[in-house]
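# Report on the structure
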There are 4 protein chains.
Amino acid sequence: MRFKVGGTLAYEVLEPSTFIINIHALHTPAQTLVEERFTVDPAHHIEELSAAHGESRFIRLDAQQPGMLNITYSALAETSVKLIPADQLASVQLMGMDTSVIPYLYPSRYCQSDKLYRFAHNHFGHIDSAFEKVLAITDWIHDHVEYLSGSTNSQTSAYDTVTELAGVCRDFAHLGIALCRALDIPARYFTGYACQLNPPDFHACFEAYLGGNWIIFDPTHLIPLNGLVKIATGRDAADASIATMFGRVNGLSVTASCELADEGFEPIYYVDGQLSGLSYL
Amino acid sequence: MRFKVGGTLAYEVLEPSTFIINIHALHTPAQTLVEERFTVDPAHHIEELSAAHGESRFIRLDAQQPGMLNITYSALAETSVKLIPADQLASVQLMGMDTSVIPYLYPSRYCQSDKLYRFAHNHFGHIDSAFEKVLAITDWIHDHVEYLSGSTNSQTSAYDTVTELAGVCRDFAHLGIALCRALDIPARYFTGYACQLNPPDFHACFEAYLGGNWIIFDPTHLIPLNGLVKIATGRDAADASIATMFGRVNGLSVTASCELADEGFEPIYYVDGQLSGLSYL
Amino acid sequence: MRFKVGGTLAYEVLEPSTFIINIHALHTPAQTLVEERFTVDPAHHIEELSAAHGESRFIRLDAQQPGMLNITYSALAETSVKLIPADQLASVQLMGMDTSVIPYLYPSRYCQSDKLYRFAHNHFGHIDSAFEKVLAITDWIHDHVEYLSGSTNSQTSAYDTVTELAGVCRDFAHLGIALCRALDIPARYFTGYACQLNPPDFHACFEAYLGGNWIIFDPTHLIPLNGLVKIATGRDAADASIATMFGRVNGLSVTASCELADEGFEPIYYVDGQLSGLSYL
Amino acid sequence: MRFKVGGTLAYEVLEPSTFIINIHALHTPAQTLVEERFTVDPAHHIEELSAAHGESRFIRLDAQQPGMLNITYSALAETSVKLIPADQLASVQLMGMDTSVIPYLYPSRYCQSDKLYRFAHNHFGHIDSAFEKVLAITDWIHDHVEYLSGSTNSQTSAYDTVTELAGVCRDFAHLGIALCRALDIPARYFTGYACQLNPPDFHACFEAYLGGNWIIFDPTHLIPLNGLVKIATGRDAADASIATMFGRVNGLSVTASCELADEGFEPIYYVDGQLSGLSYL
């Protein structure tokens, strides 16, 4: 399926600063970038990099001069997803697990799984299948946490959200990740462009590692699961933030868009009695 | 310099469990293991692995049968350290920095640098040299935080310690890391065997990334900086814990020892007007 | 009903200190103290006081000399309780409410009702009767929080317990209070001697203000609701702690006991379809 | 000295709600209200009350009909203050202290003195005089915490502010109170109208109980200490909030003003070598 995606970031730089910008769509076996365009206005010294932690392509940008900074990205992405039968997703094998997956078992800044151990076991510990566990987690979050713009900030973590019960996509994802890890299911943060998201914005959801596959889950239920163009994965928003600034900078605006460039898109959502999990590979 | 190191862990396994055991000394260009011995009693299925995140060699162990589990490790390690002149440690260059270092700029579970931004800038922001900044952080922690066994637990983080002002080596290290990151200095958790530590135990301190080198710092001031045998580094104790258990297990005992196996050891501590930083490479 | 109650406290005083000791049974219209005995060994300067905040009789004790300090209390208390029909407990009227009740609507140190607003409304907001709401809160705590000695400490608050889901009677009471206040139901902390508590100890539960009556609730379900001898009420454990020390003191031991001194005691517990609330007046 | 004070509050009531409005100036031996006017538009059922906890005159208002609600208050207040020599403020005597003062020794929702024990003792424990201790606390807050509108919210507490180091008058006061209590000095929250505050607003500061007197302290240093008209005191903002709403209500605006109605006002600030403390009686 083809998606036309785009993002813009505008800043006022107040003193010499370095930016890490994480808005490029990833190259993966299942995601090809047919066209891509990235501009920085005015021109700056930049480095294009790939992350060893998590997965991301990112730009490091050196802004030595105070003033306005406008960043734009657009791409035409061709993605495919894979549906994996539920019976292949029923268990998590710690023995033999690839070592690169292990960090996603541990607590992180915004996903304090160590503090949610009892909560997770009380609510979801009785469910046999790991896939069913994560579906139940996702439903619980959707049913109990109110989606409320402006209710949280950059310091809000899963430990807050599980009690305060309001947040945005980032908070929903952090809570999902923390609950998975508390049940010994590896889970990671996923950012992307999302079609049919209203109002348009960058989106965050999460992947759980089931039967050796990274399967996508979105507790917001706001978009079709196959409508994402992957930007990055990481332990949590600390790794995969759209933009991280080192230096004094005013954020002025952020926009993102994602449009279908093909016909015949059939949206996929998980439903009761779900038979397959969806993977972005 | 040669050190004879050893560790023992004893557990009662209550149900089928998986362990990740992180007590092997690392192989590095500056640390050679002349002899090494690792035993598990009774025998279990184990995997010897190296971490992609942080640096560690670790054992993954499958304990299917309830019962006692005894793990012992001993090694003869030959280490060298490097002294790097302070003027080469004065700055941190974000542009050009190796991408593997970037995660150590971000907040993590126990090192919430995002919440300590003002504190770090108020106390240490005026110091020019990055090396001097980290020395000042280390001194501040040593002078203000009381070393008090039993005052903290596995959930205690830098955000607690900066206010509650008591803790153990792990807490001292977390606070040092969080303050460095709040000043845009990459920092990571370091665990090792430590000679002259009284009472003997596994030790934790931290490394800061200065002028392209990982330099060791120990806010406890309990041991000579060149008296360590490195076990692992990671974002914080979540990555580099001595043992992580998945399943119901009772911890019974932990011991560690580290003895000089050479003569002529000259302990190195940082002192005022410090001219060099010490690196374990 | 008559109860023989007793308590002992032992301390090692390390420097001149002041104690506030809160182990006397209260005098109330429904609680008469037939005999009472309070001793301090060695003798110290003490003041017997009654609190304006909450309700308590307490001892202020001046320990100028370092050394051992033993405090014992015993009493024969005659109590009566009142059963109030559920239909009189169905609502809370803020207009006209006695001003002394208002503080029990507000958040306090261990009962951060402001942070539990959504949680309380999501779980209990749909229940019409205020009495039924508090019964549901009590049942929820009993069903979801594990009673586990040593799992919490003097800093643990309702905000921790609602997520960590383990604690002791004090934590159960704090969570019950916080949830009531989040629903605009005044609630206060209650400490007392409790018969049939095993092992014997001082007990904590809470009262909610329903239809103008303070009704007792105990989320631990450990004791009969009519088996208490009231010591104190307050906003939370900060007000009604058994002992508060100003100065350096080692706590050595605490014991409490409560025995029935009458025959014919019929224990009362709230059960499904509860028709009455129990008040200590 | 005479002050003309006024306040307005505007709300949109969305469902039947009860308000507790705390904007009346207090009657005290040292504060006389020469004129006073309170209006509610449209008319509502109200109760005028005085608090048993802390000190306040407040209005309880029953808003049964959805719609706009405008509240205005104005008064001409005549106040006197008393300067008490520092040598009478040097100590806090727990023995003999009026029982109504004891709650102000305990931690409260926004003033977690129990968590700041070491911090307070490390920074201020060496100072002999209690008055000098509180002056040092006030100076420390002024020097280390940035006054920054919008940096905090209604959940922010002293435990946050001591680390995050930014806030508004309410946060400054909470931190001052928490540090005093951690040193066994009773302290309470104080709200009032404040002349020469720019921009005009309701103000919060705190009182410490020294030598038997409630002495005023303002870590913001924004106003003359004798330029206040007292509205209320309480344990913290939970007790002495300008307005507390029970029900769904949108806050639309809050204004406050305070103008000198006399000539010859000589502002008083504490300065180094301070010889007296100022009390509002």
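The two copies are related by a screw motion: chain D maps onto chain C through a turn of 180° and a shift of 0.0 Å along the axis, at an RMSD of 0.0 Å. The transformation just described matches what one would write down for a two-fold rotation axis. If distances are taken from each C-alpha of chain D to the rotation axis, the shortest is found for D:R109, at 1.9 Å. When you check the interface residues of chain D against chain C, 100% turn up at the interface there too, and the contact is symmetric in its surfaces.

This brings us to the domain arrangement of chain A. Residues and elements named next belong to chain A. Here chain A is partitioned into domain 1 (2–79 + 246–259) and domain 2 (82–241 + 269–279). Taking only C-alpha atoms into account, the centre of domain 1 sits 25 Å from that of domain 2. In this complex, domain 1 contributes 20 residues to the contact, which on the side of domain 2 involves 17 residues. Of all elements in the fold, only strand 1 (2–13), strand 5 (55–63), strand 6 (67–79) and strand 15 (249–260) reach the threshold of two or more residues within the side of domain 1 that touches domain 2. If you tally residues by element for the side of domain 1 that touches domain 2, the top one is strand 15, at four residues. Grouping the constituent residues of the side of domain 1 that touches domain 2 by class yields eight nonpolar, 10 polar and two charged.

Turning next to the relation of the copies chain B and chain A. Each copy superposes on the other: chain B lies on chain A with an RMSD of 0.0 Å after a rotation of 180° and an axial shift of 0.0 Å. Interface residue correspondence from chain B to chain A reaches 100%, placing this contact among same-surface, isologous pairings.

A separate point is the interface of chain D and chain C. Contact with chain D, which involves 27 residues of that partner, is made by 27 residues of chain C. If you list the elements that add at least two residues to the side of chain D that touches chain C, you get strand 4 (45–50) and strand 5 (55–63) of chain D. Here the side of chain D that touches chain C is composed, by residue class, of 10 nonpolar, nine polar and eight charged.

Attention now moves to the packing of helix 2 (residues 130–144) of chain C against helix 4 (residues 169–182) of chain C. Residue and element names in this part refer to chain C. Contact pair helix 2 / helix 4: the axes reach a minimum separation of 10 Å and the direction vectors enclose 145°. As for the relative orientation of helix 2 and helix 4, their crossing is right-handed in sense. Along the contact surface, helix 2 presents V134, I137, T138 and I141, while helix 4 presents F172, L175, G176, L179 and C180.

Another point: the interface of chain B and chain A. Opposite the 27 residues of chain B that make contact, chain A presents 29 residues. Put simply, the parts of the chain that give the side of chain B that touches chain A at least two residues each are strand 4 (45–50) and strand 5 (55–63) of chain B. Looking at which element gives the most residues to the side of chain B that touches chain A, the answer is strand 4 of chain B, with three residues. Considering only residue class, the side of chain B that touches chain A consists of 10 nonpolar, nine polar and eight charged.

Moving on to the environment of B:R248. Residues and elements named next belong to chain B. Its place among the elements puts R248 in the loop between strand 14 (243–246) and strand 15 (249–260). Take R248: there are 12 C-beta atoms within 10 Å of it, and that puts it in the exposed class. Once you skip the residues sitting within four places of it in the chain, R248 turns out to touch L14, E15 and S17.

To summarise the sheet geometry, strands pair through backbone hydrogen bonds and adopt either a parallel or an antiparallel arrangement. Residue and element names in this part refer to chain A. Read from one edge to the other, the open sheet built from four strands follows the order 3-6-1-15, with strand pairing classed as antiparallel. At either end of the open sheet lies a strand with only one pairing partner, and these are strand 3 (31–41) and strand 15. Each strand axis lies, on average, 10° off the axis of its neighbour in the sheet, ignoring direction. Judged from the 11 bridges that link them, strand 1 and strand 15 form a sheet pairing that is antiparallel. Opposite K4, over in strand 15, you have E259 as the bridge partner.

Residue and element names in this part refer to chain D. Relative to the 21 Å expected for 15 residues at 1.5 Å per residue, helix 2 (residues 130–144) spans 21 Å between its end C-alpha atoms, a close match to the ideal helical length. Those residues of helix 2 not exposed but buried are A130, F131, K133, V134, L135, I137, T138 and I141. The secondary structure elements touched by the buried residues of helix 2 are helix 1 (117–124), helix 4 (169–182), strand 11 (202–210), strand 12 (213–217) and strand 16 (276–279).

Turning to the confidence of the model for chain A, a few remarks are in order. If pLDDT is low for a region, its predicted coordinates should not be looked at in detail. Predicted confidence across chain A gives a mean pLDDT of 95, with 99% of residues reaching 70 or more. Scored by ipTM, the complex comes to 0.95, with pTM at 0.90.

With that settled, consider the sheet that holds strand 3 (residues 31–41) of chain D. Residue and element names in this part refer to chain D. Read across the sheet, four strands follow the order 3-6-1-15 without closing on themselves; strand pairing throughout is antiparallel. The open sheet terminates on both sides in strands that have one partner only, identified here as strand 3 and strand 15 (249–260). Across the sheet, the mean angle separating the axes of adjacent strands is 10° when strand polarity is ignored.

Parameters and conventions
Residues numbered from 1 in each chain as written. Chains lettered and ligands numbered in written order. Predicted model: local features only at pLDDT ≥ 70, side-chain atom pairs only at ≥ 80, totals over all residues. Least-squares fit on C-alpha atoms with pLDDT ≥ 70 in both. Contact = placed C-beta atoms within 7 Å. Domains from an automatic or database assignment. Helix = DSSP H or I, 4+ residues; strand = E, 2+ residues; numbered from the N terminus. Nonpolar A, V, L, I, M, F, W, Y, C, P; charged D, E, K, R; others polar. Axes fitted to C-alpha atoms, helices over the stretch in contact; angles between N-to-C directions. Left-handed = near helix turned anticlockwise from the far one by under 90°. Buried ≥ 20, exposed ≤ 12 C-beta atoms within 10 Å, placed from the backbone. Pairing = 2+ DSSP bridges. Expected span 1.5 Å × (residues − 1). pLDDT = per-residue confidence, 0-100.

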